[in-house]
4 protein chains.
Amino acid sequence: MAPTGLWLIGARGSVATTAITGLLALRSGIVPGVGCVSAQQQFRKVPLPEWDEIHVGGHDIVDTPLEKRAELLAESGVIPHRIFEAVRPSLSEVEDNIRPGYHPATHAGTQSDAARTLTDDITAFARRNGLARVVVINVSSTEPVFPALPEHGSLDTLEAAMAVPGRTVLPPSSVAVYAALRAGCPFVDFTPSTGIRLAALQELAKKQRLPYAGSDGKTGETLMRSALAPMFTTRALAVRSWTGTNLLGGGDGRTLADAEHASSKLQSKGRGLSTLLGREVTAPLHIDNVPDLGEQKIAWDHVSFEGFLGVRMSLQFTWTGYDSSLAAPLVLDLARFTAAAHAAGHTGPLGSLAFFFKDPMGTDEHRLGEQFANLVSWAETL
Amino acid sequence: MAPTGLWLIGARGSVATTAITGLLALRSGIVPGVGCVSAQQQFRKVPLPEWDEIHVGGHDIVDTPLEKRAELLAESGVIPHRIFEAVRPSLSEVEDNIRPGYHPATHAGTQSDAARTLTDDITAFARRNGLARVVVINVSSTEPVFPALPEHGSLDTLEAAMAVPGRTVLPPSSVAVYAALRAGCPFVDFTPSTGIRLAALQELAKKQRLPYAGSDGKTGETLMRSALAPMFTTRALAVRSWTGTNLLGGGDGRTLADAEHASSKLQSKGRGLSTLLGREVTAPLHIDNVPDLGEQKIAWDHVSFEGFLGVRMSLQFTWTGYDSSLAAPLVLDLARFTAAAHAAGHTGPLGSLAFFFKDPMGTDEHRLGEQFANLVSWAETL
Amino acid sequence: MAPTGLWLIGARGSVATTAITGLLALRSGIVPGVGCVSAQQQFRKVPLPEWDEIHVGGHDIVDTPLEKRAELLAESGVIPHRIFEAVRPSLSEVEDNIRPGYHPATHAGTQSDAARTLTDDITAFARRNGLARVVVINVSSTEPVFPALPEHGSLDTLEAAMAVPGRTVLPPSSVAVYAALRAGCPFVDFTPSTGIRLAALQELAKKQRLPYAGSDGKTGETLMRSALAPMFTTRALAVRSWTGTNLLGGGDGRTLADAEHASSKLQSKGRGLSTLLGREVTAPLHIDNVPDLGEQKIAWDHVSFEGFLGVRMSLQFTWTGYDSSLAAPLVLDLARFTAAAHAAGHTGPLGSLAFFFKDPMGTDEHRLGEQFANLVSWAETL
Amino acid sequence: MAPTGLWLIGARGSVATTAITGLLALRSGIVPGVGCVSAQQQFRKVPLPEWDEIHVGGHDIVDTPLEKRAELLAESGVIPHRIFEAVRPSLSEVEDNIRPGYHPATHAGTQSDAARTLTDDITAFARRNGLARVVVINVSSTEPVFPALPEHGSLDTLEAAMAVPGRTVLPPSSVAVYAALRAGCPFVDFTPSTGIRLAALQELAKKQRLPYAGSDGKTGETLMRSALAPMFTTRALAVRSWTGTNLLGGGDGRTLADAEHASSKLQSKGRGLSTLLGREVTAPLHIDNVPDLGEQKIAWDHVSFEGFLGVRMSLQFTWTGYDSSLAAPLVLDLARFTAAAHAAGHTGPLGSLAFFFKDPMGTDEHRLGEQFANLVSWAETL
């Protein structure tokens, strides 16, 4: 395929750093594509950009160098030391493509101005590297819930409000989407933040004839749920309650222990379960900040279900993973599939990418098996 | 559908007693069809025998009355007291249809003679109740592995050997199959015993133009594995080891803790895992007899897997269920689907029933989601 | 020992009903003393009231008959059917000793009046049954936290406030304590409610020369913690975080899922952990209401700890119990030990009973092993 | 205290390498004494050798350099990279003190000759380093069970048999003990191998007036059991079954998956449980070799117990640790306490060190809390 850009919002975060390090390692052939869905047999014939055809850049509001971030991830077990050492020199090349991100607290001008700068960064990146297209993916921290405003209803009213000095009509994630679409880029939302979920922005995507996908990468507890819930339903076993406790360290733990930030994440997790089970069940869900776990993420789920003659039984599982290790390869997969979709002229929400998301746009299918089957058959049409 | 027989080998065992009690309860409308796959929306239009069109009989080598067995299951939590009380009077009707089963240790004549008696029992049951067909299902205890013999190779040599006084050329499960096929009955193997897995018996099934299905009902740990393994493979996560420990009380625990009996069960479980994962992994598996658990069955599995950049992660689950509660509704489902398949003229192994089995015959598909999809589309053709 | 009364606040609740049923069963010799600490070898020679020397009565604000409550507990697995049937006739005798409890919402007069009525109930019960003493134990639902008031500081100011019409200076648990002490009864708090933890009431206990004990029965997660935490500390393993999730059904689940009611319970659990570990650790703790669990209580704890050279390791456990089954025998134990302490002339907080409590009064010892050793040597002095 | 030797049998194994690395790190002050029992407050005043007063040497039958072994342990997460780098230079000093161990397969002469060489190695080490005493600790791989022989009954018959060319009257662990005692050294058995558990060798220890301790370091599942079992017994809860599954990678996994080697380990674990619970319970126990776990060790235990009125409840736990990280500091503790005991003139089995062992010699106390209390009071007498 033609040279393809991958522009990461939150380019210095754990997920982005792991994805970048991994891409460099895959490119140099020192690791196999474990965890990369798109590297599997089933997708051999799909016209996806190869690892060495993907160029990475991005925005971030912090300025810790990528190399430092990668080193910390090596210490916490996400990136093996030998891989870090091998790709360390190449990290600085990516570093050159990272630009300051937008945050209302530090930006003086209008949101229009802010968006224009972001758009220009992406356009310059594409031009500089001779890219056929750039896929923009949001992997930054989950935002607090942003209130719905009337101006979100149409592109005209939104743009008018963005031009008003001092107004913050959009959360940062949506400013990033606006900028990406204006730059003619497909957009993928790996977070539960507002992002493209506003009528005005979907209007812009339509006008620009761009595809988009999201939202909220499915990497642990919800992945398990989407694999297990169909077992209960197809066996006609009646789930009565499904409890979840998530222990997170690192920045994600800090962000999500804050009730306001967590609320979008919890909603995004909850929606899936009731769809999967076909009705509401008792489903308390917690996210705890446990700093000493570092990059690890531990989820305990307890499922109480009823079988033949009303007998009560239970299932419980503990999932122990590294969030960034689980998310990073999916980010690369999404870049590849979305680039191919754009090349093939797809526009609007890519429901066929539901396999990757907790809260898929463009479809109501949450069952993992069906999502994969859909992905495979859709990919064959590319 | 026409009146249909369900003939249970091991008719006084826990699974059979629960299935019989449940059928009586379903027939009188005092319980919903929780746990019954065939009672779901998707199969509404399939011509299956209704609950009140199914008549039950069977063979067993023990003679504890059904009512006594059901009472014990009520005490151990498998059958709610109120349901036991409600169906108690009807149990004696089924009781009248249970005949002494065959066991080499207690039978004096040839295996031909033994089979003939069994056949006659089934035929008389069908005639007495005016049944269009009888589905024979083996739900008796798992047998020790029976040695392969040259006589198993063809129907002629098998029948010659069965007629030799004093020869035990077949294990009881296969004598039961022979008798069922001779009676013109479709056969379902819910156990991992030898049963129909001999060339001579499959030749007989073919000659009689009968369908058959098996083997080894998938009710707990293996059910979980067939739901979870595809999650790992479709996500390109490399499973490195998958350990299992099963704690069983009751008769099943006693039987399977005996290494010889367990060996067929362990093989049947193991075959599935490597097929599901596409390669061999370290997979130690234990079955422990823990009498104080009664009818409960507890399985703990630990899965160690590798993700992006070789990082190690893990999943563990504990499944706590009542084996008979999980198995019984599937026995009813299998009776219904197999009867419909027979009515529709199907012959040979019913690979489309793989959804119900640990070690399916007639297909190599072990993935639960695909098995269900196959079942649904096959059922639509009936 | 002399005839002894056990007066239960919340006498129709699950814990009380199970304790009463169990006492009747123990008295008639149809069950062994499993779960009864005081029935062990170590306490053979301690002068405790025998099962048939204990007479039960109590207060409750609901009026569901004990027999009905016991029947429900039989259905939910806490009381075996055969035991319920055996003691059913005797339940009505206890029924006659249950009087209406106090609740501000339904009581018109002053709190002084209310307390007087309660006192009279207890006194009449003692006289009617010729009891040497009555131990009053609070096993009612956990109250919302009650604000600290200046009137709680001394008996005089408290009694003055209690006499003011329309004033609610005490929560119901403390009114019950006041009444018990006025009736000359030792008091045990099996809940985390305010109860005797007010200076004014402890002053009254002192004046009346009565012993008291509490608080908050240690029956599950906290029991485990008090057994396990010393393992980490004596082995010099540094616990970094200890997370807990509690799933409760039944009335307890409903009460404690309400944040206000839960707060006293969570505080009571938290105090112990930091004392046990010798410092504060990250310790998020949740109580979820999961009605379908019925009387079951499931606790999942995850402990992350650091060993030699800073290596991180973990322990997780799942405790699945019936709260009332665990609590009820301890209520009987507390009645026996407290009666013996009263007979022996002990007054003030009985720190030696810490073994039974999450948040012991009269001592700071939370280690289970030490608590038991203390109990044994104290009992020898009785 | 005076300069003290620590002589490790199996000096290049994972436990020894971690202990040596840790000792060097402690000596240089770059790590705190986490996991070191003897470094705690309670033992401040006990005359124990300081970290820089302990000199290490040992025997091993393999010759991989210590530095290489430490590097592998750093890669597998047992030794942090920064600590490995810091102590790397000092490892070679210890290296100089490691001599070839004894193994019958590679040794030509009599066992007397073999033992003499071993004794000489230890004596030379002590002389070379001016040591007041040398504590010999066996941390080598678990041996297969060695048959009991009549010659083990007395020192005379044993020594006669050892002098017979071609006879293997002792397993290597016992040859090592013989050599240590002949060198006048106290001996500690950290493994379940035969070691000092022969009458002839205990006779020699007595003759030499030496103390000894063992056996089989308590580091994971058994540690948990000795903390938890007293909870059940003191609460009068009746344990009905206690199942254990152990997953081990590394060399230990390989050795113990071999049924013959495992048998001594399984016996050693089993003895404790029935002593702790005061009677035999159903207690199936498995050790599985799961190579991909590397140095990790995972134990899952399921405890089924009965409470008040016969109600069944359960506890399950999963322990995830690094075996060498848990064992290594205990090896250092044992060196210190045993040296102090020797200095204080103690002889015979040191039952007060039971806290460290699965199968303690010199006492029948298996309860962790009591073992610690005994250790503390004994240490105060040193």
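Just so we're clear, the structure is a prediction, and the values are computed from it rather than from any experiment. (Residues numbered from 1 in each chain as written. Chains lettered and ligands numbered in written order. Predicted model: local features only at pLDDT ≥ 70, side-chain atom pairs only at ≥ 80, totals over all residues. Heavy atoms only, no water.)

K.L.:
Would you explain the overall build of chain A in this entry?
P.N.:
When you go through chain A residue by residue, the secondary structure sums to twelve helices and eleven strands. For chain A, whose C-alpha radius of gyration is 20 Å, the value lies close to the compact-globule estimate of 21 Å for 382 residues. When its C-alpha atoms are laid out on the principal axes, chain A stretches across 65 × 50 × 45 Å. Considering chain A as a whole, with its 382 residues, one finds that 63% of them fall into the buried category. When the accessible surface of chain A is split by element, carbon and sulfur atoms take 51% of a total near 12800 Å². (Helix = DSSP H or I, 4+ residues; strand = E, 2+ residues; numbered from the N terminus. Rg over C-alpha atoms; globule rule 2.2 N^0.38 Å. Buried < 20%, exposed > 50% of the residue type's maximum accessible area, 1.4 Å probe, protein only. Areas by Shrake-Rupley, 256 points an atom, 1.4 Å probe, with all protein chains shown as cover.)

K.L.:
When you look at the pairing of strand β9 (residues 296-306) of chain A in this model, what are you seeing that I'm missing?
P.N.:
If a strand is regular, its side chains alternate between the two faces of the sheet. Residue and element names in this part refer to chain A. Of all eleven residues in β9, ten are buried; the element is thus mostly enclosed. Here strand β7 (residues 238-248) runs beside β9; their pairing, made up of ten bridges, is antiparallel. Within β9, the position partnered with N246 by the bridge is A299. As consecutive antiparallel partners, β9 and strand β10 (residues 312-322) are separated by five residues, and within that stretch L309 has a phi angle of approximately 65°, a positive value. (Pairing = 2+ DSSP bridges.)

K.L.:
Whenever I open this one, the packing of aromatic side chains confuses me. Can you help?
P.N.:
The description of an aromatic ring pair uses the distance of the two centres, along with the angle that the planes make with each other. According to the stated counting rule, one finds 42 aromatic pairs over all chains in the structure shown. Between the aromatic rings of B:F337 and B:W378, the centroid separation amounts to 6.4 Å while the plane-to-plane angle is 55°, which identifies the pairing as tilted. Within this pair, whereas B:F337 is found in helix α11 (residues 323-343), its partner B:W378 is found in helix α12 (residues 368-380), the two being separated by 41 residues in sequence. Classification of B:F337 as buried rests on a relative accessible area of 0%. Site record: aromatic cluster; members linked through ring pairs are A:F43, A:F337, A:F355, A:F356, A:F372 and A:W378. Positioned above the aromatic ring of A:W51 is the side chain of A:R336, whose terminal nitrogen or guanidinium carbon lies 4.4 Å from the ring centre. Here the guanidinium or amino end of B:R235 rests over the ring plane of A:F355, the centre of that ring lying 4.7 Å away. (Phe/Tyr/Trp six-rings, centres within 6.5 Å; stacked < 30°, edge-to-face > 60°. Lys NZ or Arg CZ within 6 Å of the ring centre and 35° of its normal.)

K.L.:
Is there a simple way to explain the sheet that holds strand β7 (residues 238-248) of chain C in this structure?
P.N.:
Note on sheets: strands pair through backbone hydrogen bonds, and any given pair is parallel or antiparallel. Spatially, the eight strands line up as an open sheet ordered β8(C)-β7(C)-β9(C)-β10(C)-β10(D)-β9(D)-β7(D)-β8(D), and their pairing is mixed. Each edge of the open sheet carries a strand with a single partner, namely β8 (285-289) of chain C together with β8 (285-289) of chain D. The sheet shows a mean angle of 10° between the axes of neighbouring strands, taken without regard to direction. Across the sheet, helix α11 (residues 323-343) of chain D is in contact with β9 (296-306) and β10 (312-322) of chain C together with β9 (296-306) and β10 (312-322) of chain D; its angle to β10(D) comes to roughly 80°. (Axes fitted to C-alpha atoms, helices over the stretch in contact; angles between N-to-C directions. Contact = heavy atoms within 4.5 Å.)

K.L.:
Mind showing me how you'd approach the interface of chain C and chain D here?
P.N.:
Accessible area lost during the coming together of the parts is what is often quoted as the interface size. At the interface, 54 residues of chain C touch 55 residues of chain D. Regarding the contact of chain C and chain D, the summed buried area is about 4400 Å², with carbon and sulfur atoms giving 70% of it. A per-residue breakdown of the area chain C buries against chain D is headed by C:R235, C:F308 and C:L309, which together make up 22% of the total. Put simply, chain C and chain D have twelve residue pairs in polar contact (both at pLDDT 80 or more) between them. For the side of chain C that touches chain D, the elements supplying multiple residues, two or more each, are α1 (14-27), α8 (221-234), β9, β10, α11 (323-343) and α12 (368-380) of chain C. Looking at the side of chain C that touches chain D, the element that brings in the most residues is β10(C), giving eleven residues. Across the side of chain C that touches chain D, the residue classes break down as 36 nonpolar, 14 polar and four charged. The pairing of β10(C) with β10(D) spans seven bridges and is antiparallel. (Buried area = accessible area lost by both parts, 1.4 Å probe. Polar contact = N/O pair within 3.5 Å; in protein donor to acceptor, adjacent residues only side chain to side chain. Nonpolar A, V, L, I, M, F, W, Y, C, P; charged D, E, K, R; others polar.)

K.L.:
Sorry, what's going on with the domain arrangement of chain A here?
P.N.:
Residues and elements named next belong to chain A. Once the domains are mapped, chain A shows domain 1 (4-216 + 325-380) and domain 2 (221-321). For domain 1 and domain 2, the distance between their C-alpha centroids amounts to 26 Å. Each partner contributes residues to the interface: domain 1 has 19 residues there, and domain 2 has 21 residues. It is T142, K358 and H366 in domain 1 that bury the most area against domain 2; as a group they hold 32% of the surface buried on that side. In this assembly, domain 1 and domain 2 are joined by zero salt bridges. At the surface where domain 1 touches domain 2, the tally comes to two residue pairs in polar contact (both at pLDDT 80 or more). Each residue belonging to the side of domain 1 that touches domain 2 can be placed in one class, and the counts come to seven nonpolar, five polar and seven charged. (Domains from an automatic or database assignment. Salt bridge = Lys/Arg side-chain N within 4 Å of Asp/Glu carboxyl O.)

K.L.:
Honestly, the side chain of A:T18 in this entry has me stumped. Any pointers?
P.N.:
Note that A:T18 resides in helix α1 (residues 14-27). Judged by relative accessible area, which is 0%, A:T18 ranks as buried. Within the local environment of A:T18, its side chain forms a polar contact with the backbone oxygen of A:S14, the two atoms lying 2.7 Å apart. Among all residues touching A:T18, those that are not within four sequence positions of it are A:L73, A:V78, A:I79, A:S324, A:A328, B:F308 and B:L309.

K.L.:
Is there a simple way to explain the confidence of the model for chain A in this structure?
P.N.:
Regions with low pLDDT should not have their predicted coordinates read in detail. Looking at chain A as a whole, its pLDDT mean stands at 94, while 96% of the residues score no less than 70. Here the complex is predicted with pTM 0.95, and the ipTM for its interfaces comes to 0.95. (pLDDT = per-residue confidence, 0-100.)

K.L.:
Sorry, what's going on with the relation of the copies chain C and chain D here?
P.N.:
Both copies of the chain are related through a single rotation about an axis accompanied by a shift along the same axis. With an axial shift of 0.0 Å and an RMSD of 0.0 Å, the rotation relating chain C to chain D amounts to 180°. Here the two chains are linked by the operation of a two-fold rotation axis. Judged by C-alpha distance, C:F317 is the residue of chain C that lies nearest the rotation axis, at 2.0 Å. Both copies contact each other with a shared surface, as 100% of the interface residues of chain C are interface residues in chain D too. (Least-squares fit on C-alpha atoms with pLDDT ≥ 70 in both.)

K.L.:
How do you make sense of the pattern of salt bridges when you look at a structure like this?
P.N.:
Pairing is possible between side chains of opposite charge, provided their charged atoms come close. Tallied over the entire structure, the rule returns 64 salt bridges over all chains. Measuring nitrogen to oxygen at the nearest pair gives 2.6 Å for the salt bridge that ties B:E159 to B:R182. One end of the pair, B:E159, is in helix α5 (residues 155-162); the other, B:R182, is in helix α6 (residues 172-182), and 23 residues separate them in sequence. The exposure class of B:E159 is partly exposed, given its relative accessible area of 23%. With a relative accessible area of 31%, B:R182 lands in the partly exposed category. A cluster of three or more residues bridged by salt bridges with shared partners is formed by A:R240, A:E306, A:R312 and C:D292.

K.L.:
When you look at the side chain of B:H302 in this model, what are you seeing that I'm missing?
P.N.:
Within the secondary structure, B:H302 is located in strand β9 (residues 296-306). Judged by its relative accessible area of 2%, B:H302 is buried. In this view, B:H302 contacts B:S241, B:W242, B:T243, B:S314, B:L315, B:Q316, D:L247, D:L293 and D:I298; residues no more than four positions away in its chain are not counted.

K.L.:
Can you help me understand the sheet that holds strand β4 (residues 133-138) of chain B in this one?
P.N.:
Residues and elements named next belong to chain B. Spatially, the seven strands line up as an open sheet ordered β3-β2-β1-β4-β5-β6-β11, and their pairing is parallel. Edge strands, defined here as strands with exactly one partner in the open sheet, are β3 (98-100) and β11 (348-349). Two strands pair when backbone bridges link them, and strand β5 (residues 187-189) and strand β6 (residues 211-214) are joined in this way by three bridges, in the parallel orientation. Bridging from a neighbouring strand, D189 pairs with G214 of β6. With respect to the sheet, α11 is in contact with β1 (4-9), β2 (54-60), β4, β5 and β6, its orientation differing from that of β4 by roughly 140°.

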